[in-house]
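Given next are the chains, with one letter for each unit.
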Amino acid sequence: MDLMSVLGWLSGAILVVLGIIVQMPDASKGIEFGLNWISLSNFVDVPSIVIVVGGTFAALMVSYPIKFFTKIFKHLKIILFPTQYNPHEYIEQIVEFAKEARINGLLALEDKLNDTQDSFLKNSLMLVIDSVEAEKVKTLLETELDYMEDRHAQDRAFYAKGSAYAPAFGMIGTLIGLINLLQNLTDADAIAPAMSVALVTTFYGSLLSNLVFAPISNKLKVRHDEEYLCKMIVSEGVQAIQAGDNPKFIEEKLTQLLPSNLAAAVSSDEAVKESRKVKSRKGKR
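Residue indices follow the written sequence of each chain, beginning from 1 at its first position. Predicted model: local features are reported for residues with pLDDT of at least 70 only, side-chain atom pairs are reported and counted for 80 or more only, and whole-chain, interface and lining totals are derived from all residues. To obtain the side-chain values, all non-hydrogen atoms of the structure were used and water was disregarded.

Draft legend 1. The overall build of the protein, seen in detail. Comment: elements are numbered from the N terminus, with helices defined as DSSP H or I runs of at least four residues and strands as E runs of at least two. Across its full length, the protein carries eleven helices and two strands. If you list the helices and strands of the protein from N to C, you get α-β-β-α-α-α-α-α-α-α-α-α-α. A simple rule labels every residue: compare its accessible area, found with a 1.4 Å probe on the protein chains alone, to the largest value its type can have, and call it buried under 20%, exposed over 50%, or partly exposed in between. Out of the 285 residues in the protein, the part that is buried amounts to 34%. Counting only contacts in the protein whose residues sit at least 6 apart along the sequence, the fraction spanning at least 24 positions is 72%. When the accessible surface of the protein is totalled, it reaches about 17,300 Å², and 61% of it is carbon and sulfur. Only heavy atoms enter the contact rule, under which two residues are in contact if any of them lie within 4.5 Å. Note on areas: these come from Shrake-Rupley sampling with a 1.4 Å probe, and a residue is covered only by the protein chains present in the view.

Draft legend 2. Summary view of unusual backbone geometry. The residue serine 131 is not glycine, and still its phi comes out positive at about 65°. On the accessibility criterion, serine 131 (63% relative accessible area) is exposed.

Draft legend 3. Quick peek at the packing of helix α7 (residues 119–129) against helix α8 (residues 134–183). In this analysis, axes come from line fits to C-alpha atoms, helices being fitted only over the stretch in contact, and the angle between any two N-to-C directions falls in the range 0 to 180 degrees. Packing of α7 against α8 brings their axes to within 10 Å, and their N-to-C directions diverge by 160°. With respect to α8, the axis of α7 lies roughly antiparallel. The chirality of how α7 crosses α8 is right-handed. Contacts between α7 and α8 involve Phe120, Ser124 and Leu127 from the first element and Val137, Leu140, Leu141, Glu144 and Leu145 from the second. Classification used: nonpolar for Ala, Val, Leu, Ile, Met, Phe, Trp, Tyr, Cys and Pro, charged for Asp, Glu, Lys and Arg, polar for all others including Gly. Split into classes, the residues belonging to the contact of α7 with α8 amount to six nonpolar, one polar and one charged. Any angle between 65 and 115 degrees counts as roughly perpendicular, while under 35 counts as roughly parallel, over 145 as roughly antiparallel, and the rest as oblique. By convention the crossing between two helices is left-handed if the near helix lies anticlockwise of the far one by an angle smaller than a right angle, and right-handed if it lies clockwise.

Draft legend 4. Region of interest: a negative patch on the surface. Patches in this entry comprise residues that are over 30% relatively accessible and not in a salt bridge; like charges within 9 Å are linked, as are nonpolar side chains (Val, Leu, Ile, Met, Phe, Trp, Tyr) within 5 Å. A pair is scored as a salt bridge if a Lys or Arg side-chain nitrogen falls within 4 Å of a carboxyl oxygen belonging to Asp or Glu. Charge assignment: positive for Lys and Arg, negative for Asp and Glu; neither His nor the chain ends contribute. A charge is said to be at NZ when it belongs to Lys, at CZ for Arg, at CG for Asp and at CD for Glu. A cluster of acidic side chains, namely Glu133, Glu135, Glu142, Asp146 and Asp150, defines a negative patch on the protein surface. Inspection of the secondary structure puts aspartate 146 in helix α8.

Draft legend 5. Focus on helix α5 (residues 87–104). The end-to-end C-alpha distance of α5, which contains 18 residues, comes to 26 Å, matching closely the 26 Å that a straight helix rising 1.5 Å per residue would cover. Among all positions of α5, only Pro87, His88, Tyr90, Ile91, Ile94, Val95, Phe97, Ala98, Glu100 and Ala101 are buried. Two or three places before histidine 88, at the opening of α5, asparagine 86 has a side-chain oxygen 3.0 Å from that residue's backbone nitrogen. A helix is expected to span 1.5 Å multiplied by its residue count minus one. Whenever two N or O atoms come within 3.5 Å, that pair is a polar contact, provided that in protein one can donate a hydrogen and the other can accept it, and provided that, for residues adjacent in sequence, both atoms are side-chain atoms.

Draft legend 6. Helix α4 (residues 72–80), seen in detail. Within α4, burial applies to His75, Ile79 and Leu80. For α4, the arc enclosing every buried residue in end-on projection is 130°, short of the 170-degree limit, so these residues lie on one face. Those residues of α4 that are exposed and angled more than 90 degrees off the buried face are Phe73, Lys74 and Lys77. Arc definition: directions from the helix axis to the C-beta atoms.

Draft legend 7. Inspection of the packing of helix α1 (residues 3–21) against α4 at higher detail. Running from N to C, α1 and α4 cross one another at 110°; their axes reach a closest spacing of 7 Å. Judged by the inter-axis angle, α1 sits roughly perpendicular to α4. Contact with α1, carried on its side by Ser5, Val6 and Trp9, involves Leu76, Ile79 and Leu80 of α4 and no other residues of that element. Residue classes in the contact of α1 with α4 are distributed as five nonpolar, one polar and no charged.

Draft legend 8. Spatial organisation of a nonpolar patch on the surface. There is a patch of nonpolar side chains on the surface, built from Leu10, Ile14, Leu15, Leu18, Leu35 and Trp37 and spanning about 630 Å² of accessible area. Within the element layout of this structure, leucine 18 appears in helix α1.

Draft legend 9. Representation of the nonpolar core. Counting 27 residues, the largest nonpolar core has Leu125 and Ile241 as the members making the most contacts within it. Elements that contribute at least two residues to this core include exactly α5, α7, α8, α9 (188–243) and α10 (247–255). By size, the runner-up hydrophobic cluster in this structure holds 16 residues, among which are Tyr64, Phe69, Phe158 and Tyr204. The criterion is simple. A nonpolar core is a set of buried Ala, Val, Leu, Ile, Met, Phe, Trp, Tyr and Cys residues joined through side-chain atoms within 4.5 Å.

Draft legend 10. Local environment of the side chain of histidine 224. Within the secondary structure, histidine 224 sits in helix α9. A polar contact of 3.1 Å, which involves the side chain of histidine 224, links it to the side chain of glutamate 149. When residues no more than four places from it in sequence are discounted, the contact partners of histidine 224 are Met148, Glu149, His152 and Arg156.

Draft legend 11. Structural detail: the confidence of the model for the protein. The predictor's confidence in any single residue is recorded as pLDDT, a number from 0 to 100. Overall, the prediction assigns the protein a mean pLDDT of 84, with 86% of residues at 70 or greater. Within the protein, the lowest mean pLDDT, 52, falls on helix α11 (residues 260–284), and the highest, 93, falls on helix α3 (residues 66–70).

Draft legend 12. The pattern of salt bridges, seen in detail. Across all of its chains, the model carries eight salt bridges by this definition. Linking lysine 71 and aspartate 155 is a salt bridge whose minimum nitrogen-to-oxygen distance equals 3.4 Å. With lysine 71 in the loop between α3 and α4 and aspartate 155 in helix α8, this pair connects stretches of sequence that are 84 residues apart. Using a relative accessible area of 8% as the deciding quantity, one classes aspartate 155 as buried. Taking the shortest distance from any N to any O, the salt bridge between lysine 248 and glutamate 251 comes out at 3.9 Å. Pair noted here: lysine 248 and glutamate 251 are both in helix α10, with a separation of three residues, about one helical turn. For glutamate 251, a relative accessible area of 18% puts it in the buried group. When salt bridges that share partners are traced, they join Asp2, Lys219, Arg223 and Glu226 into one network.

Structural data, given as structure tokens:
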């Protein structure tokens, strides 16, 4: 489970609640520090919830087909229980495949693919094993990456739109509340409920946008970047294997695709391994 997402949502909700109920001391009024739970009821308004939440999802229904709504639980699963994409492991796998292909030929890779869990890696190497032309392999792999980029971008846009709609409906609720307020200025009992709708809807809209929709969209972008990097490594690695490149050259080439922080980690690991090898040789002498 992704604890950062869970902790982020929980801490965000808790901090908002604390901001509402914490009562600061005021010596002049005889108020001591404490928690005023009654204040929480001031932020519970059913009409405001209906306007903001209902209005936001109604606008999303107009903007997107139903398939985007059916993906919501899938996206939450991706956020909370993500597939672990480790680029270092992918590079190691590609290099091992390159060594095997260099020693025993491309057909020898078919048996090794039985233990491979990644379908994209398996299918990509099968294209090479089946002697598909290099240009066609390149086109197919690049098309797959482009399709994934477009698909994920559409999914993120759904939540980005929700992030834009929520504050807008908060403002609509504010206008509704102010209109009702102005029409009932002579009725003292109607002023408080009207003001509640006017102010609380803006609060709900901002909360829904900044604590739900925008974080989901951003976390999906993070998940996409992790997956895209590993699939790009696979694409470049498979093409290098098909070209018959040296495994060491392939490793260096794929390492160059990594962000600077990940590449530095690889260099550090290589230095440690080399140091251990040197010590082992000295020990044997």
